[in-house]
Amino acid sequence: KHACGLNSHCKGIRHHPVCSCSPGHVWDPFLGCQIQKIKECTEHSDCLSNRTCSNFKCVDPCDNVCGNNTICTVENHTIACACKPGFVGNPFQNCISQEIKECTEHSDCLSNRTCSNFKCVDPCDSVCGNNTICTVENHTIACACKPGFIGNPFQNCVSQVIKECTMDEDCPSNHTCNNGVCAETCNAICGLNTICIIKNNHAACSCKPGFVGNPFMECVDQSTIELQKKYYIGKEKVTWTTAIERCRSKDMYFASITCPSEQNDIKRACNESGISGLVWVSGSDLGSAGEYVWNSTGKGFTYTNWKSGEPEVSDAYPCVALHTLDYKWQTRACRIGRYYACEYFRS
């Protein structure tokens, strides 16, 4: 009993057990027999040409051999991997979609397109800045600001405000050009107790009658002070209007000459300064043609020292200057650069 192994037969011969494996089984009948597998093949040639021999069986060798998006073929027991149509790459690893190349250079595209990644594209996308127009000609980009805008078209264009004026002459005669806008010339220019006169786009501030001081800051009642007038000569050449500002910046007033002694005083100041030529003083007829007043006081001329033939009453020559050659007064164009005289008061 139990002399033979599993899947075996026992036969007694001459009182001894003889063990043999059951049909279809092999191995040691005393230990145990196993089913005998049938060998389908021992080499590739035992199989069809599109199969190979593996573990004594004819199998499809394409399983898990080729990469993604591939086609596997077997011929004469030999594997061949290839990318599917429209795909490129290593068929034993991975194949990716191959897009059809629309272009390889700009000239392959229309003149208003450029070649990018083998495609003809509009090159204007995100190239120009805000408020711009992008055009393409012969595959070349051109950015420009939209009408009414200015700036760098490759960065940003901003609205261009239409300027009402660029110079005083663009405005009415009683206005000046301020930041592209025609504005009232007298607005907030003159100080207290002053008179503002506008002519030919220029503002002239003067003290009210009976007042003295800096008309751009404040004029005070002349009867309340007893001061001695002094003169200062500016050695740089400026326009008549700028001379007012220069005197003001020095806490002085644009010079007036109201009597012979003041005429001598200003002559002395000019000689001491060493300058030679025309010198602006504050007289003008900007308020009314032929009616000359001193800008510093607002008073009309009570004393004059006109050169022969002067004054020349003309819109072209409204401002008064004196010449160091003879210290006679002349009328000249206000916009010409000349030396200038300021006055100040000391007790």
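Look up a bit, the structure's there.
Rules behind the numbers
- Counting starts from 1 at the beginning of each chain's written sequence and moves along it residue by residue.
- Totals for whole chains, interfaces and linings use all residues, but because this is a predicted model, local features are given only for residues with pLDDT of at least 70 and pairs of side-chain atoms are given and counted only at 80 or more.
- For the side-chain quantities, the full set of heavy atoms in the structure was used; hydrogens and water were omitted.
- Definition used in this section: a nonpolar core is a set of buried Ala, Val, Leu, Ile, Met, Phe, Trp, Tyr and Cys residues joined via side-chain atoms within 4.5 Å.
- Only protein chains enter the accessibility calculation, which uses a 1.4 Å probe; a residue whose area is less than 20% of its type maximum is buried, one above 50% is exposed, and one in between is partly exposed.
- Working definition: helices are DSSP H or I runs of at least four residues, strands are E runs of at least two. Numbering for both runs from the N terminus.
- Should any heavy atoms of two residues lie within 4.5 Å, those residues are counted as being in contact.
- By convention in this document, the label disulfide applies to cysteine sulfur atom pairs within 2.5 Å.
- Whenever a nitrogen or oxygen atom comes within 3.5 Å of another N or O atom, the pair is scored as a polar contact, on the condition that within protein one atom can donate a hydrogen and the other can accept it, and that pairs from neighbouring residues in sequence are kept only if both atoms are in side chains.

(A) Spatial organisation of the nonpolar core. If you look at the biggest cluster of nonpolar residues, it comprises 21 residues, and the most contacted ones within it are I257, I266, V281, L322 and W329. Elements with a minimum of two residues in this core: β23 (228-238), α2 (260-273), β25 (278-288), β26 (291-294), β27 (319-323) and β29 (338-346).

(B) Structural view of the side chain of S206. Along the chain, the position of S206 falls in strand β20 (residues 202-207). A residue is classified by how much of its surface remains accessible, and S206, at 3% relative accessible area, is buried. With residues near it in sequence (within four places) discarded, S206 still touches N193, T194, I195, P215, W294, N295, S296, T297 and G298.

(C) Representation of unusual backbone geometry in the model. In this model, E310 is joined to P311 through a cis peptide bond whose omega is 0°. Mapping P311 onto the fold places it in the loop between β26 and β27. Look at N131: it is not a glycine, yet its phi comes out positive at around 60°. Relative to the helices and strands, N131 is located in the loop between β12 (119-121) and β13 (132-137).

(D) Structural view of the state of the cysteines. Enumeration according to the criterion identifies 16 disulfides in this entry. Between the sulfur atoms of C62 and its disulfide partner C72 the distance amounts to 1.9 Å. Disulfide C62-C72: the torsion about the S-S bond is -80°, which places it as left-handed. Pair noted here: C62 is in the loop between β6 (57-59) and β7 (70-75) and C72 is in strand β7, with a separation of 10 residues, a long-range link. Residue pairing for C66: its cysteine sulfur links by disulfide to C81, the two sulfurs lying 1.8 Å apart. For the disulfide bridge between C66 and C81, the dihedral angle about the S-S bond is near -80°, and by the sign convention the bridge is left-handed. Of this pair, C66 sits in the loop between β6 and β7 while C81 sits in strand β8 (residues 78-83), and the two are 15 residues apart along the sequence. For C66, a relative accessible area of 17% translates into the label buried.

(E) Broad picture of the environment of N90. One can find N90 in strand β9 (residues 87-90). Of the residues examined, N90 reaches a relative accessible area of 33% and is grouped as partly exposed. Each C-alpha atom of the pair N90 and L278 lies 95 Å from the other, and the pair is 188 residues apart in sequence. Within polar-contact distance, the side chain of N90 engages the backbone nitrogen of F92 at 3.0 Å.

It is worth stressing that arrangement in space is one thing and function is another; only the former is reported here.
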